[in-house]
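One-letter residues, chain by chain:
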Amino acid sequence: MKTESREFRKLGRVGRVQRLVDEGILTPDQGDQLLADVPVLPLEVAEHMIENVIGVYGLPLAVVPNVTINGKNYDIPLVIEEPSVVAAL
């Protein structure tokens, strides 16, 4: 059963990740990675990716569940700092 947007947003972060795992959208390992309190990209890794690294930039990762596009439902991941975009979707 796909999650309705209104009930999904009422869940806490752990509950939202668990719902995505339960629905098979994320694997348990992916859920654990999202819930880990560690930087997504450690500086020592960033230093080997590009030159002149001065830091790592992060944005919130959100999901908009159950969006219908051409008659098919999708869960849409978004990386954005504007809450009204997520709410509008």
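Residues numbered from 1 in each chain as written. Predicted model: local features only at pLDDT ≥ 70, side-chain atom pairs only at ≥ 80, totals over all residues. Heavy atoms only, no water.

Let's talk about the overall build of the protein chain
Piece 1. A count of helices and strands for the protein chain gives five helices and two strands.
Piece 2. Taken against the 2.2 N^0.38 rule, which gives 12 Å for 89 residues, the C-alpha radius of gyration of the protein chain at 16 Å runs more than 25% over that of a compact globule.
Piece 3. Expressed along its principal axes, the backbone C-alpha trace of the protein chain runs to roughly 45 × 25 × 25 Å.
Piece 4. The contacts of the protein chain with a sequence gap of at least 6 include a subset with a gap of at least 24, amounting to 18%.
Piece 5. For the protein chain, the computed accessible surface area is about 7200 Å², with 56% contributed by carbon and sulfur atoms.
Piece 6. Looking at charge distribution, the protein chain has the averaged site of its 8 positive side-chain charges lying 14 Å from that of its 13 negative ones. (Helix = DSSP H or I, 4+ residues; strand = E, 2+ residues; numbered from the N terminus. Rg over C-alpha atoms; globule rule 2.2 N^0.38 Å. Contact = heavy atoms within 4.5 Å. Areas by Shrake-Rupley, 256 points an atom, 1.4 Å probe, with all protein chains shown as cover. Lys, Arg positive; Asp, Glu negative; His and termini not counted. Charge placed at Lys NZ, Arg CZ, Asp CG, Glu CD.)

Structural notes on the pattern of salt bridges
Charged atoms that come close allow side chains of opposite charge to pair.
Piece 1. This model, assessed by the stated rule, comprises one salt bridge.
Piece 2. Arg-19 is the salt-bridge partner of Glu-7, the closest N and O atoms lying 2.9 Å from each other. Of this pair, Glu-7 sits in helix 1 (residues 5–10) while Arg-19 sits in helix 2 (residues 13–22), placing them twelve residues apart in sequence.
Piece 3. For Arg-19, a relative accessible area of 23% corresponds to the partly exposed category. (Salt bridge = Lys/Arg side-chain N within 4 Å of Asp/Glu carboxyl O. Buried < 20%, exposed > 50% of the residue type's maximum accessible area, 1.4 Å probe, protein only.)

Re a nonpolar patch on the surface
Piece 1. Residues Leu-34, Tyr-57, Leu-59, Leu-61 and Val-79 make up a contiguous nonpolar surface patch of roughly 520 Å² in combined accessible area.
Piece 2. Here Tyr-57 shows up in the loop between helix 4 (43–49) and strand 1 (61–69).
Piece 3. Residue class for Tyr-57 comes out exposed when judged on its relative accessible area of 71%. (Patch = residues over 30% accessible without salt bridge, like charges linked within 9 Å, V, L, I, M, F, W, Y side chains within 5 Å.)

A few points about helix 2
Piece 1. When helix 2 is considered as a whole, its buried residues turn out to be Val-17, Leu-20 and Val-21. Within helix 2, the buried residues cover an arc of 105 degrees as seen down the axis, which keeps them to one side.
Piece 2. Of the residues one or two after helix 2, Gly-24 is the one with positive phi, at around 80 degrees. (Arc of directions from axis to C-beta.)

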